[in-house]
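# Chains, contacts and geometry: an overview
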Amino acid sequence: MTGFASGKGAFGPHSWTWELRSVNGKGLDMRLRVPEWLTGLEAALRAEMSKQLSRGNVTLSLRLSRDESQPDLVLNEAAMGAVLEAVARTQEMAIARDVTLAPSSAADLVSLKGMLDAGSDVDDPGPLVAQLTREFAGLLSDFIEMRQTEGRALATILDEQLAQVATLTTQAAGLAEQRKDKMAEALRENLARVMDNAQGADPDRVAQELALIAVKADITEEIDRLKAHVTAAGDLLAQDAPVGRKLDFLMQEFNREANTLCSKAQSADLTAVGLELKAIIDQMREQVQNVE
């Protein structure tokens, strides 16, 4: 789920740079740092990311600057209205006194102090927000492409690790089959020993207890579940969709079966296979944290 993309752009007097990056996370946690005066931008970007991302701690940073060398000029209509009223009143007074005044031009009025305002505080954020939203699509596309490239590499690694789990599971099944005769012989010897040293013991009861021990030592179910998990994990890796959370859960199930296998092993060879299984599964769990 790690990824990175950056970009630059300009619109009118504004220019910007932004970065989009992510690290591993169990869910989708988005943190956006955009100027607050760009009304509606954060909501639009957050909605777009929510549509295309499902996992990871994602951070978007937008740095915006404005070229003040040629500022936008906006007419201060309130001030101009006051000036025009003053001009009209002046002309009336001059006519009343038979005084001739030179005509005033628009340029003369606009040049008066306070008639024009300049600065970002008078910007309409709408067009800029629209442009940023359009350009964000390209940034997000680059970001997703990088994550997909990483995902394909991870899929190869996980496929190899899954193959190792399948091989070890087969080995464990073979070792479990080989130990059956030894376990049966050991149980018969234990039964004879108990009967020789337990006066009045019920033979049927002792046999039942030994049978329960044999059942508890059987790892057939664990082997079957491990094989089923291998198949399920392979199916998930073949999907063209976010499967990180499902794989994360499946890794817990893998680990549970490997732990049980080790606890029931009663064989040095089977224990060694179980420990190797646990090691591979732990490696897979680390890699799965990177999968969306």
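These figures come from a predicted structure and were not determined experimentally.

Thresholds applied
- Residues numbered from 1 in each chain as written.
- Predicted model: local features only at pLDDT ≥ 70, side-chain atom pairs only at ≥ 80, totals over all residues.
- Heavy atoms only, no water.
- Salt bridge = Lys/Arg side-chain N within 4 Å of Asp/Glu carboxyl O.
- Buried < 20%, exposed > 50% of the residue type's maximum accessible area, 1.4 Å probe, protein only.
- Helix = DSSP H or I, 4+ residues; strand = E, 2+ residues; numbered from the N terminus.
- Expected span 1.5 Å × (residues − 1).
- Arc of directions from axis to C-beta.
- Pairing = 2+ DSSP bridges.
- Axes fitted to C-alpha atoms, helices over the stretch in contact; angles between N-to-C directions.
- Contact = heavy atoms within 4.5 Å.

Here we come to the pattern of salt bridges. By the definition in use, this model includes ten salt bridges. Between R31 and D29 there is a salt bridge, and its shortest N-O distance comes to 3.5 Å. Exposure remark for D29: the relative accessible area of 30% places this residue in the partly exposed category. With a shortest N-O distance of 3.6 Å, E221 and R225 are connected by a salt bridge. With E221 and R225 both in helix 6 (residues 220-238), this residue pair falls four residues apart, about one helical turn. Through salt bridges with shared partners, a single network forms among E221, E222, R225, E257 and K264.

This next bit is on helix 8 (residues 268-288). Think of an α-helix as turning once every 3.6 residues; residues three or four places apart then point the same way. An ideal rise of 1.5 Å per residue puts 30 Å on 21 residues; helix 8 measures up with 30 Å between its terminal C-alpha atoms. Among all positions in helix 8, only L270, V273, G274, L277, I280, I281, M284 and V288 are buried. Considered in projection along helix 8, the buried side chains sweep an arc of 130 degrees and stay on one side of the axis. Those residues of helix 8 that are exposed and angled more than 90 degrees off the buried face are A268, L275 and E286.

Moving on to the sheet that holds strand 4 (residues 56-66). Taken together, four strands build an open sheet; the order of strands is 1-2-4-3 and the sheet is mixed. Strand pairing shows two members of the sheet lacking a second neighbour, strand 1 (3-11) and strand 3 (28-33), which therefore form its edges. On average, each strand axis in the sheet is tilted by 10 degrees relative to the strand beside it, whichever way the strands run. Of the strand pairs in this sheet, strand 3 and strand 4 are connected by six bridges, and their pairing is parallel. In the sheet register, R31 faces strand 4, and the bridge partner there is T59. Running at roughly 150 degrees to strand 3, helix 1 (residues 41-52) makes contact with strand 2 (14-23), strand 3 and strand 4 of the sheet.

Attention shifts here to the pairing of strand 2. Side-chain alternation along strand 2 places H14, W16, W18, L20 and S22 on a buried face and S15, T17, E19, R21 and V23 on a face that remains uncovered. As judged from the nine bridges shared by strand 1 and strand 2, these two strands associate in the antiparallel manner. Bridge assignment links G7 to a residue of strand 2, and that residue is W18. Hairpin geometry of strand 1 and strand 2 is characterised by an intervening segment of two residues between the two adjacent antiparallel strands and by a positive phi of about 60 degrees at G12.

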